[in-house]
Amino acid sequence: RWLAVTGVQTCALPISAVIGKGLWVTPWPTSRLDVPALVAHAKALGVRNLWVRTGGSRQGWYGGRFLPQLVPQAHAAGITVVAWDFPTLSNPVADARRALLALAAGVDGFSPDVETRAEGTYATPRRVALYLSLVRRAAGARPVVATVPRPTPLRQRSFPYRAFVRYADVFAPMVYWSCKEPGAMVQQAIRYLR
């Protein structure tokens, strides 16, 4: 997955926690996360931030199993921790509660991975706004990163990108490897999201 973080001018918050080389980590609710090995691996790769899944609408909150160990170890290694979650927005308030738990655990930023209807997400402007307003309030001075599908002409007509602008500090469009040149796809996504 290619990630391009694009700044928006809606909030005047520092976004240093999400800048630079990052590594996305997807532990599952029942899997064991070897925190020392992960931090050592990230450090060896020159990673500046770890993006770690801490829950989702279907799996619930499970970041409490590893964040108390991960956050201080990553910080000691000079690495920030960004929690990410997969909200379906069928219950935006319940989805926001998981974000609040991650933020309370001391992460340096939060990134909701808001997918499309094909993934079972109810991403309407109203649901996105309610969810993100609660996340934004809890995040305080920490960045909120809108991880959104890569804007294609079809998605530009159906996905509520504009609903994110008021609450997100940056966009992280999901640009996956495909038959097109990924650099050009990232540039196209950034142009639209700006």
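The text that follows walks through the structure, step by step, so that each part is easy to find. Note that the structure is predicted; figures quoted are calculated from it, not measured.

Structural notes on the packing of helix 1 (residues 35-45) against helix 2 (residues 67-76)
Alright, step 1. Their axes nearest at 10 Å, the elements helix 1 and helix 2 cross at an angle of 30°. With respect to helix 2, the element helix 1 is oriented roughly parallel. For the pair helix 1 and helix 2, the crossing hand works out as right-handed. Contacts between helix 1 and helix 2 involve V35, P36, L38 and V39 on the former and, on the latter, Q69, L70, Q73 and A74.

Overview of the pairing of strand 8 (residues 145-149)
Alright, step 1. Of all five residues making up strand 8, five are buried, and the element is well covered by its neighbours.
Alright, step 2. Of the pairings in the sheet, the one linking strand 8 to strand 9 (residues 170-175) comprises five bridges and is parallel in character. Note on strand 9: the bridge partner recorded for T147 is A172.

A few points about the packing of aromatic side chains
Alright, step 1. Considering all chains together, one arrives at seven aromatic pairs under this definition.
Alright, step 2. Centre to centre, the rings of F164 and F171 are 6.3 Å apart; their planes meet at 55°, and the pair counts as tilted.
Alright, step 3. For F164, a relative accessible area of 0% puts it in the buried group.
Alright, step 4. The rings of F159, Y161, F164, F171 and Y192 are connected pair by pair, giving a single aromatic cluster.

Notes on helix 7 (residues 182-193)
Alright, step 1. End to end, helix 7 covers 16 Å across 12 residues, agreeing with the expected 16 Å (1.5 Å per residue, within 8%).
Alright, step 2. Inspection of helix 7 places P182, M185, V186, A189, I190 and L193 among the buried residues, and these make up the whole buried set. The arc that holds the buried residues of helix 7, viewed along the axis, is 135°, so those residues lie on one side.
Alright, step 3. Of the residues flanking the start of helix 7, the one acting as N-cap is E181, its side-chain oxygen 3.1 Å from the backbone nitrogen of G183.

Rules used in this analysis
- Residues numbered from 1 in each chain as written.
- Predicted model: local features only at pLDDT ≥ 70, side-chain atom pairs only at ≥ 80, totals over all residues.
- Heavy atoms only, no water.
- Axes fitted to C-alpha atoms, helices over the stretch in contact; angles between N-to-C directions.
- Helix = DSSP H or I, 4+ residues; strand = E, 2+ residues; numbered from the N terminus.
- Parallel < 35°, antiparallel > 145°, perpendicular 65-115°, else oblique.
- Left-handed = near helix turned anticlockwise from the far one by under 90°.
- Contact = heavy atoms within 4.5 Å.
- Buried < 20%, exposed > 50% of the residue type's maximum accessible area, 1.4 Å probe, protein only.
- Pairing = 2+ DSSP bridges.
- Phe/Tyr/Trp six-rings, centres within 6.5 Å; stacked < 30°, edge-to-face > 60°.
- Expected span 1.5 Å × (residues − 1).
- Arc of directions from axis to C-beta.
- Polar contact = N/O pair within 3.5 Å; in protein donor to acceptor, adjacent residues only side chain to side chain.

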